[in-house]
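Reading the structure
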Amino acid sequence: MTQINPLKDQLNQSWEANLKRELTARYFLQLQEFLLQEYNKFEVYPPQKEIFAAFHHTPFEKVKVVIIGQDPYHGPDQANGLSFSVNSGVKLPPSLQNIFKEIEKDLGIKMPEDGDLSKWAKQGVLLLNTTLTVRRGEAESHQKHGWERFTDAVIAQLNAKKEGVVYLLWGRQAQAKERILSDKQFILKAPHPSPLSAYRGFFGCQHFSKTNQILASLGKKPIDWQIS
């Protein structure tokens, strides 16, 4: 039987220090047991070593923008631990294509073929899913097992200790996190970039230029949204 490394040991130090209480909570230990069974019985994404990739690419102290997704992609070789991102060489999923289309319309940046968003993450964009794992081909299969409570705690810690963070809330699940945020933060809302909803207001939202305008007004370096 494959063993999953303790989840708390996979977080980098900056996040572990801010989430100590969660990492020893009963629900989190139960979540870890659930994942051990899931990774042994099913094909689960992302790979175990990438469950907390978003936190490794964007340490707590560097967070200035948060983009909240839903589940990881549930197709083979897609999910890499960063919301909406795929590794270089992987075909762009429809939601990511729509994100790039909006960036092109908003900022005039030509749509790339590379879907690796780690460049954003390294600039301070936390690419966070509400649920961090999923079974192959089964969307929402790991919901209501503890991840939502954990990601609530992530946002609550950011809200308590950092001001002026820009939150991009796309779709119903992401917008449910708004209840955790105070008026010290900046919140931009739009429909999810999925083909099912992008035409209801995601296209034309201009969240990328608006984010950079907010960051500039706070004296922070804007995000370079260009991938390649």
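Residues numbered from 1 in each chain as written. Predicted model: local features only at pLDDT ≥ 70, side-chain atom pairs only at ≥ 80, totals over all residues. Heavy atoms only, no water.

A count of helices and strands for the chain gives nine helices and six strands. A compact globule built from 228 residues should have a C-alpha radius of gyration of about 17 Å, and the chain, at 17 Å, falls within 12% of that. Over its C-alpha atoms, taken along the principal directions, the chain stretches across nearly 50 × 35 × 30 Å. Taking all 228 residues of the chain together, 57% fall into the buried category. Long-range contacts, defined as pairs at least 24 residues apart, comprise 68% of the intrachain contacts of the chain with a sequence gap of at least 6. Just so you have it, the chain exposes about 10800 Å², and 48% of that area is on carbon and sulfur atoms. Looking at the chain, you have 29 positive and 24 negative side-chain charges, and the mean spots of the two groups are 3 Å apart. (Helix = DSSP H or I, 4+ residues; strand = E, 2+ residues; numbered from the N terminus. Rg over C-alpha atoms; globule rule 2.2 N^0.38 Å. Buried < 20%, exposed > 50% of the residue type's maximum accessible area, 1.4 Å probe, protein only. Contact = heavy atoms within 4.5 Å. Areas by Shrake-Rupley, 256 points an atom, 1.4 Å probe, with all protein chains shown as cover. Lys, Arg positive; Asp, Glu negative; His and termini not counted. Charge placed at Lys NZ, Arg CZ, Asp CG, Glu CD.)

The complete set of buried residues in helix H9 (residues 207-217) reads His207, Phe208, Ser209, Thr211, Asn212, Ile214 and Leu215. Along its buried surface, H9 packs onto strand E2 (65-69), helix H5 (94-107), helix H6 (118-122), strand E5 (166-170) and strand E6 (186-190). The first or second residue beyond H9 is Gly219, which carries a positive phi of 75 degrees.

Turning next to the packing of helix H3 (residues 26-41) against helix H7 (residues 147-161). Between H3 and H7, the shortest axis-to-axis distance is 10 Å and the interhelical angle comes to 130 degrees. Comparing the axis directions of H3 and H7 gives the class oblique. As for the relative orientation of H3 and H7, their crossing is left-handed in sense. Every residue of H7 that contacts H3 at Tyr27, Phe28, Leu31 and Leu35 is listed here: Trp147, Arg149 and Phe150. (Axes fitted to C-alpha atoms, helices over the stretch in contact; angles between N-to-C directions. Parallel < 35°, antiparallel > 145°, perpendicular 65-115°, else oblique. Left-handed = near helix turned anticlockwise from the far one by under 90°.)

This brings us to the nonpolar core. Ranked by size, the top nonpolar core spans 72 residues in total, and within it Trp15, Phe52, Ile67, Ile99, Trp120 and Phe150 carry the most contacts. With sequence-adjacent residues up to four places away left out, Phe52 is seen in contact with Leu7, Gln10, Leu11, Phe28, Leu132, Trp147 and Phe150. (Core = buried A, V, L, I, M, F, W, Y, C linked by side-chain atoms within 4.5 Å.)

We now examine empty space enclosed by the protein. With the rule as written, the count across this model stands at one cavity of 30 Å³ or more. In this structure, the largest cavity spans a volume of roughly 70 Å³. If you trace the largest cavity, you find it lined by Pro46, Ile51, Phe52, Ala54, Phe55, Pro72, Gly81, Leu127, Leu128, Asn129, Thr131 and Leu132. When contributions to the lining of the largest cavity are tallied by element, the ones reaching two or more residues are helix H4 (53-57) and strand E3 (125-129). The element that contributes the greatest number of residues to the lining of the largest cavity is E3, accounting for three residues. Taken together, the residues of the lining of the largest cavity sort by class into nine nonpolar, three polar and no charged. (1 Å grid on protein atoms, 1.4 Å probe; cavity = no way out; pocket = protein on both sides within 12 Å on 5 of 7 lines; lining within 4 Å. Points joined across faces, edges and corners; volume = space filled by probe spheres on them. Nonpolar A, V, L, I, M, F, W, Y, C, P; charged D, E, K, R; others polar.)

For the largest pocket, the calculated volume is near 600 Å³. Lining the largest pocket are 27 residues; nearest its centre among them are Gln70, Asp71, Tyr73, Ser95 and His192. Put simply, the parts of the chain that give the lining of the largest pocket at least two residues each are H5 and helix H8 (172-175). Partitioned by chemical class, the residues of the lining of the largest pocket number nine nonpolar, 15 polar and three charged.

Strand order in this open sheet of four strands is E3-E2-E5-E6, and the pairing throughout is parallel. A strand with exactly one partner marks an edge of an open sheet, and here the two such strands are E3 and E6. Across the sheet, the mean angle separating the axes of adjacent strands is 20 degrees when strand polarity is ignored. Sheet analysis places E2 next to E5, joined by four bridges and oriented parallel. Along E5, the bridge assignment pairs Ile68 with Leu169. Across the sheet, H9 is in contact with E2, E5 and E6; its angle to E5 comes to roughly 165 degrees. (Pairing = 2+ DSSP bridges.)

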